[in-house]
Amino acid sequence: MRKLTAAAPGEALRLLQITDCHLFADPDGDMYGGCTRRSLVKVLEAARPHLENCHAVLATGDLSQDESEKSYLDFVKLMTPFNRPVLSIPGNHDRSELMRVHLNQGLFQFCGAARGGNWLLVMLSSQNRGRTAGALSEQERERWQELVGQHPDCHVLVCLHHQPVNIGSAWLDGIGLAGADTFMQQVSATSNLRGVVWGHIHQEFESRSAGVHLLAAPSTCHQFVAGQDDFGMHLGRSGYRTLELHPDGRIETQVHWVST
Ligand SMILES: [Fe+2]
(Lines give C-alpha, C1' and ligand atoms only; values in the text may rest on other atoms or scores of the structure.)
Protein backbone atom coordinates (compact mmCIF):
# COMPACT_ATOMS: atom_id res chain seq x y z
CA MET A 1 0.00 0.00 0.00
CA ARG A 2 1.47 3.29 -1.11
CA LYS A 3 0.89 6.17 1.30
CA LEU A 4 0.45 9.36 -0.68
CA THR A 5 1.48 12.61 0.90
CA ALA A 6 -1.88 13.55 2.30
CA ALA A 7 -3.63 16.69 1.24
CA ALA A 8 -3.97 19.24 4.04
CA PRO A 9 -7.08 18.61 6.17
CA GLY A 10 -10.17 19.57 4.21
CA GLU A 11 -8.18 19.75 0.96
CA ALA A 12 -8.72 17.48 -2.08
CA LEU A 13 -6.34 14.70 -3.14
CA ARG A 14 -5.12 15.83 -6.57
CA LEU A 15 -4.46 13.24 -9.28
CA LEU A 16 -3.41 13.42 -12.91
CA GLN A 17 -4.27 10.64 -15.35
CA ILE A 18 -2.19 9.92 -18.42
CA THR A 19 -2.96 6.96 -20.62
CA ASP A 20 -2.23 5.07 -23.85
CA CYS A 21 1.19 6.60 -24.54
CA HIS A 22 2.10 3.75 -26.96
CA LEU A 23 5.87 4.34 -26.75
CA PHE A 24 8.38 2.49 -28.93
CA ALA A 25 11.99 1.51 -28.30
CA ASP A 26 12.79 3.86 -31.17
CA PRO A 27 12.30 7.47 -29.91
CA ASP A 28 11.04 8.37 -33.40
CA GLY A 29 8.55 5.48 -33.32
CA ASP A 30 5.48 6.38 -35.31
CA MET A 31 1.89 5.20 -34.94
CA TYR A 32 -0.59 6.12 -37.68
CA GLY A 33 1.60 9.01 -38.81
CA GLY A 34 2.58 10.59 -35.50
CA CYS A 35 5.53 10.18 -33.14
CA THR A 36 4.10 8.89 -29.85
CA ARG A 37 7.12 9.94 -27.75
CA ARG A 38 7.00 13.49 -29.08
CA SER A 39 3.31 13.86 -28.24
CA LEU A 40 3.84 12.47 -24.72
CA VAL A 41 6.65 14.99 -24.15
CA LYS A 42 4.34 17.81 -25.31
CA VAL A 43 1.52 16.61 -23.06
CA LEU A 44 3.82 16.40 -20.03
CA GLU A 45 5.17 19.87 -20.73
CA ALA A 46 1.64 21.29 -21.02
CA ALA A 47 0.62 19.42 -17.86
CA ARG A 48 3.64 20.62 -15.86
CA PRO A 49 1.67 22.99 -13.55
CA HIS A 50 -0.79 20.17 -12.72
CA LEU A 51 1.97 17.57 -12.44
CA GLU A 52 3.96 19.66 -10.01
CA ASN A 53 0.87 20.21 -7.92
CA CYS A 54 -0.59 16.67 -7.87
CA HIS A 55 -0.25 13.96 -5.21
CA ALA A 56 0.04 11.11 -7.73
CA VAL A 57 -0.09 10.22 -11.42
CA LEU A 58 -2.39 7.45 -12.67
CA ALA A 59 -0.86 5.74 -15.73
CA THR A 60 -3.71 3.59 -17.00
CA GLY A 61 -2.05 1.30 -19.52
CA ASP A 62 -0.81 0.86 -23.06
CA LEU A 63 2.29 2.76 -22.00
CA SER A 64 4.23 0.78 -24.64
CA GLN A 65 3.28 -0.06 -28.20
CA ASP A 66 6.08 -2.51 -28.98
CA GLU A 67 6.38 -4.22 -25.54
CA SER A 68 10.07 -3.29 -25.44
CA GLU A 69 12.11 -2.83 -22.28
CA LYS A 70 13.46 0.41 -23.75
CA SER A 71 9.95 1.89 -24.06
CA TYR A 72 9.39 1.40 -20.30
CA LEU A 73 12.82 2.77 -19.41
CA ASP A 74 11.99 5.79 -21.53
CA PHE A 75 8.66 6.24 -19.74
CA VAL A 76 10.46 6.14 -16.37
CA LYS A 77 13.01 8.66 -17.64
CA LEU A 78 10.29 11.05 -18.80
CA MET A 79 8.26 10.84 -15.57
CA THR A 80 11.05 10.84 -12.98
CA PRO A 81 11.88 14.59 -13.13
CA PHE A 82 8.36 15.42 -11.92
CA ASN A 83 9.11 13.56 -8.69
CA ARG A 84 5.54 12.34 -8.21
CA PRO A 85 4.33 8.80 -7.38
CA VAL A 86 3.28 7.05 -10.60
CA LEU A 87 0.65 4.32 -10.11
CA SER A 88 0.44 2.14 -13.19
CA ILE A 89 -1.59 -0.73 -14.64
CA PRO A 90 -1.12 -2.68 -17.88
CA GLY A 91 -3.12 -2.36 -21.09
CA ASN A 92 -3.55 -4.89 -23.86
CA HIS A 93 -0.34 -3.68 -25.55
CA ASP A 94 1.82 -3.89 -22.41
CA ARG A 95 4.14 -6.51 -21.06
CA SER A 96 3.26 -6.86 -17.40
CA GLU A 97 6.46 -8.67 -16.46
CA LEU A 98 8.56 -5.73 -17.70
CA MET A 99 6.31 -3.20 -15.96
CA ARG A 100 6.62 -5.21 -12.74
CA VAL A 101 10.41 -4.82 -12.98
CA HIS A 102 10.78 -1.26 -14.22
CA LEU A 103 7.62 0.43 -12.93
CA ASN A 104 7.55 -0.96 -9.42
CA GLN A 105 10.32 0.80 -7.52
CA GLY A 106 11.06 4.26 -6.16
CA LEU A 107 8.36 6.63 -7.37
CA PHE A 108 6.70 3.89 -9.39
CA GLN A 109 4.13 1.30 -8.36
CA PHE A 110 2.58 -1.42 -10.55
CA CYS A 111 -0.89 -2.88 -9.98
CA GLY A 112 -1.02 -1.89 -6.35
CA ALA A 113 -3.10 0.36 -4.18
CA ALA A 114 -2.57 3.72 -2.56
CA ARG A 115 -4.08 5.74 0.21
CA GLY A 116 -4.16 9.53 0.45
CA GLY A 117 -6.24 11.21 3.15
CA ASN A 118 -9.55 9.33 3.34
CA TRP A 119 -9.29 8.02 -0.25
CA LEU A 120 -8.28 4.53 -1.36
CA LEU A 121 -7.03 4.07 -4.93
CA VAL A 122 -7.23 0.53 -6.31
CA MET A 123 -5.18 -0.17 -9.45
CA LEU A 124 -6.53 -3.29 -11.20
CA SER A 125 -5.09 -5.27 -14.09
CA SER A 126 -7.70 -5.96 -16.79
CA GLN A 127 -5.09 -7.31 -19.19
CA ASN A 128 -6.10 -10.58 -20.84
CA ARG A 129 -2.79 -11.61 -22.37
CA GLY A 130 -2.92 -12.15 -26.12
CA ARG A 131 -6.31 -10.47 -26.49
CA THR A 132 -7.29 -6.88 -27.20
CA ALA A 133 -10.39 -7.04 -25.00
CA GLY A 134 -9.90 -7.08 -21.25
CA ALA A 135 -10.96 -9.32 -18.39
CA LEU A 136 -10.71 -9.09 -14.63
CA SER A 137 -9.36 -12.24 -13.02
CA GLU A 138 -10.96 -13.69 -9.91
CA GLN A 139 -7.73 -12.84 -8.09
CA GLU A 140 -7.98 -9.15 -9.03
CA ARG A 141 -11.67 -9.07 -8.10
CA GLU A 142 -10.84 -10.52 -4.67
CA ARG A 143 -7.93 -8.10 -4.17
CA TRP A 144 -10.29 -5.21 -4.87
CA GLN A 145 -12.86 -6.59 -2.41
CA GLU A 146 -10.25 -7.21 0.30
CA LEU A 147 -8.76 -3.72 -0.02
CA VAL A 148 -12.18 -2.13 0.27
CA GLY A 149 -12.92 -4.28 3.33
CA GLN A 150 -9.62 -3.25 4.95
CA HIS A 151 -10.38 0.47 4.50
CA PRO A 152 -14.04 0.90 5.46
CA ASP A 153 -13.42 4.54 6.37
CA CYS A 154 -12.28 5.43 2.82
CA HIS A 155 -13.92 6.65 -0.35
CA VAL A 156 -12.74 4.43 -3.21
CA LEU A 157 -11.50 5.12 -6.74
CA VAL A 158 -10.88 2.10 -8.99
CA CYS A 159 -8.65 2.24 -12.09
CA LEU A 160 -8.37 -0.30 -14.91
CA HIS A 161 -7.41 -0.16 -18.58
CA HIS A 162 -10.54 -1.42 -20.34
CA GLN A 163 -13.94 0.25 -20.36
CA PRO A 164 -16.60 -1.51 -18.26
CA VAL A 165 -19.51 0.16 -20.11
CA ASN A 166 -20.44 0.61 -23.75
CA ILE A 167 -19.42 3.96 -25.15
CA GLY A 168 -21.51 4.00 -28.34
CA SER A 169 -18.84 2.92 -30.82
CA ALA A 170 -19.38 -0.66 -32.06
CA TRP A 171 -15.75 -1.60 -32.74
CA LEU A 172 -14.58 -0.27 -29.35
CA ASP A 173 -17.56 -1.75 -27.51
CA GLY A 174 -16.40 -5.12 -28.89
CA ILE A 175 -12.97 -4.83 -27.23
CA GLY A 176 -13.94 -3.51 -23.79
CA LEU A 177 -14.01 -5.45 -20.53
CA ALA A 178 -15.40 -8.97 -20.86
CA GLY A 179 -17.76 -9.64 -17.96
CA ALA A 180 -18.53 -5.92 -17.70
CA ASP A 181 -21.92 -6.67 -16.09
CA THR A 182 -20.27 -8.55 -13.22
CA PHE A 183 -17.79 -5.72 -12.81
CA MET A 184 -20.55 -3.11 -12.68
CA GLN A 185 -22.46 -5.25 -10.16
CA GLN A 186 -19.42 -5.13 -7.90
CA VAL A 187 -19.24 -1.37 -8.46
CA SER A 188 -22.87 -1.01 -7.31
CA ALA A 189 -22.27 -3.33 -4.37
CA THR A 190 -19.34 -1.25 -3.09
CA SER A 191 -21.17 1.46 -1.20
CA ASN A 192 -18.16 3.76 -0.72
CA LEU A 193 -16.98 3.52 -4.34
CA ARG A 194 -17.09 6.98 -5.94
CA GLY A 195 -15.40 6.58 -9.30
CA VAL A 196 -14.06 4.22 -11.98
CA VAL A 197 -11.29 5.46 -14.27
CA TRP A 198 -9.91 3.85 -17.44
CA GLY A 199 -7.99 4.40 -20.68
CA HIS A 200 -8.03 2.23 -23.84
CA ILE A 201 -10.72 4.13 -25.78
CA HIS A 202 -8.50 7.10 -26.79
CA GLN A 203 -11.20 9.69 -26.15
CA GLU A 204 -12.82 11.68 -23.40
CA PHE A 205 -15.74 9.91 -21.72
CA GLU A 206 -17.80 10.86 -18.71
CA SER A 207 -20.93 9.24 -17.34
CA ARG A 208 -22.51 8.24 -14.03
CA SER A 209 -24.02 5.02 -12.77
CA ALA A 210 -25.94 5.20 -9.49
CA GLY A 211 -23.88 8.23 -8.46
CA VAL A 212 -20.52 6.64 -9.38
CA HIS A 213 -18.37 8.63 -11.82
CA LEU A 214 -17.35 6.65 -14.93
CA LEU A 215 -14.39 8.38 -16.54
CA ALA A 216 -11.96 7.87 -19.40
CA ALA A 217 -9.14 10.16 -20.47
CA PRO A 218 -7.86 10.86 -23.97
CA SER A 219 -4.62 9.23 -25.07
CA THR A 220 -1.37 11.17 -24.87
CA CYS A 221 -1.01 10.38 -28.61
CA HIS A 222 -3.93 10.00 -31.07
CA GLN A 223 -7.69 9.84 -30.45
CA PHE A 224 -10.25 7.45 -31.89
CA VAL A 225 -13.23 9.13 -33.50
CA ALA A 226 -16.03 9.11 -30.90
CA GLY A 227 -19.50 7.74 -31.67
CA GLN A 228 -18.37 5.99 -34.84
CA ASP A 229 -19.02 2.29 -35.34
CA ASP A 230 -15.90 1.73 -37.46
CA PHE A 231 -12.31 2.51 -36.64
CA GLY A 232 -11.29 6.13 -37.22
CA MET A 233 -8.51 8.28 -35.80
CA HIS A 234 -7.77 11.97 -35.19
CA LEU A 235 -4.15 13.05 -35.23
CA GLY A 236 -2.65 16.08 -33.51
CA ARG A 237 -4.95 16.25 -30.47
CA SER A 238 -3.78 14.70 -27.21
CA GLY A 239 -4.77 15.07 -23.61
CA TYR A 240 -4.85 14.15 -19.97
CA ARG A 241 -7.32 14.27 -17.08
CA THR A 242 -7.06 15.90 -13.68
CA LEU A 243 -9.10 14.71 -10.70
CA GLU A 244 -9.73 16.28 -7.34
CA LEU A 245 -10.96 13.80 -4.75
CA HIS A 246 -12.59 15.71 -1.93
CA PRO A 247 -12.73 14.51 1.71
CA ASP A 248 -16.54 14.37 1.51
CA GLY A 249 -16.39 11.90 -1.42
CA ARG A 250 -17.03 14.39 -4.22
CA ILE A 251 -14.96 14.10 -7.40
CA GLU A 252 -14.20 17.14 -9.53
CA THR A 253 -12.53 16.33 -12.80
CA GLN A 254 -11.50 17.91 -16.07
CA VAL A 255 -9.95 16.85 -19.37
CA HIS A 256 -7.17 19.05 -20.73
CA TRP A 257 -6.43 19.04 -24.47
CA VAL A 258 -3.01 19.64 -25.97
CA SER A 259 -2.20 20.30 -29.63
CA THR A 260 0.50 17.88 -30.63
FE1 LIG B 1 -5.66 -0.37 -25.02
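Note that the structure is a prediction, hence the values are computed from the model and not measured.

**Student:** Please give an account of the overall build of the protein chain that cites residues and values.
**Tutor:** Of the regular secondary structure elements, the protein chain holds six helices and 17 strands. Over its C-alpha atoms the protein chain spans a radius of gyration of 17 Å, differing by no more than 12% from the 18 Å that the globule rule assigns to 260 residues. If you line up the protein chain on its principal axes, its C-alpha atoms span 45 × 40 × 30 Å. Expressed as a percentage of the 260 residues in the protein chain, the buried residues total 46%. Put simply, 68% of the contacts in the protein chain that link residues at least 6 apart link residues at least 24 apart.

**Student:** Could you give an account of the sheet that holds strand β12 (residues 205-209), with specific residues and numbers?
**Tutor:** Taken in spatial order, the seven strands make up an open sheet running β1-β8-β9-β10-β11-β13-β12, and their pairing is mixed. The open sheet is flanked by β1 (2-3) and β12, the only strands paired with a single partner. The sheet contact formed by strand β10 (residues 155-159) and strand β11 (residues 193-198) spans four bridges and is parallel. Along β11, the bridge assignment pairs L157 with G195. Of the strands in this sheet, β8 (113-116), β9 (119-123) and β10 touch helix α4 (residues 138-150), which is tilted by about 170° from β9.

**Student:** Outline the sheet that holds strand β2 (residues 13-18), listing residues and values.
**Tutor:** Taken in spatial order, the six strands line up as β7-β6-β5-β2-β16-β17 in an open sheet, and their pairing is mixed. Every interior strand has two partners, whereas the edge strands, β7 (108-110) and β17 (251-259), have only one. This sheet shows a mean twist of 20° between the axes of neighbouring strands, independent of strand direction. Direction of pairing for strand β16 (residues 237-245) relative to β17: antiparallel, over a ladder of nine bridges. Paired with G239 across the bridge in β17 is W257.

**Student:** Tell me about unusual backbone geometry, and name the residues and values.
**Tutor:** Unusually for a residue other than glycine, D20 sits at a positive phi of about 55°. Position of D20 among the secondary structure elements: in the loop between β2 and β3 (30-31). Here D62, not a glycine, exhibits a phi torsion of approximately 55°, which is positive. Position of D62 relative to the elements: it lies in the loop between β5 (56-59) and α2 (69-79).

**Student:** Account for the nonpolar core, with residues named and values stated.
**Tutor:** Judged by nonpolar contacts, the single largest core of 68 residues is most densely connected at V57, L121, V122, V158 and C159. The contact partners of V158, leaving out residues within four places of it in the chain, are V122, L124, W144, L193 and V196.

**Student:** Report on the pairing of β5, specifying residues and quantitative values.
**Tutor:** Going residue by residue along β5, you find A56 and L58 tucked away on one face and V57 and A59 tucked away on the opposite face as well. The pairing of β2 with β5 spans four bridges and is parallel. What sits directly across from Q17, in β5, is L58. Pairing between β5 and strand β6 (residues 86-88): three bridges, direction parallel. In the sheet register, A59 faces β6, and the bridge partner there is S88. Read from β5 through α2 to β6, the crossover connection turns out right-handed.

About the cut-offs
- Residues numbered from 1 in each chain as written.
- Predicted model: local features only at pLDDT ≥ 70, side-chain atom pairs only at ≥ 80, totals over all residues.
- Helix = DSSP H or I, 4+ residues; strand = E, 2+ residues; numbered from the N terminus.
- Rg over C-alpha atoms; globule rule 2.2 N^0.38 Å.
- Buried ≥ 20, exposed ≤ 12 C-beta atoms within 10 Å, placed from the backbone.
- Contact = placed C-beta atoms within 7 Å.
- Pairing = 2+ DSSP bridges.
- Axes fitted to C-alpha atoms, helices over the stretch in contact; angles between N-to-C directions.
- Core = buried A, V, L, I, M, F, W, Y, C linked by C-beta atoms within 7 Å.
- Right-handed = clockwise from strand over helix to strand, strands pointing away.

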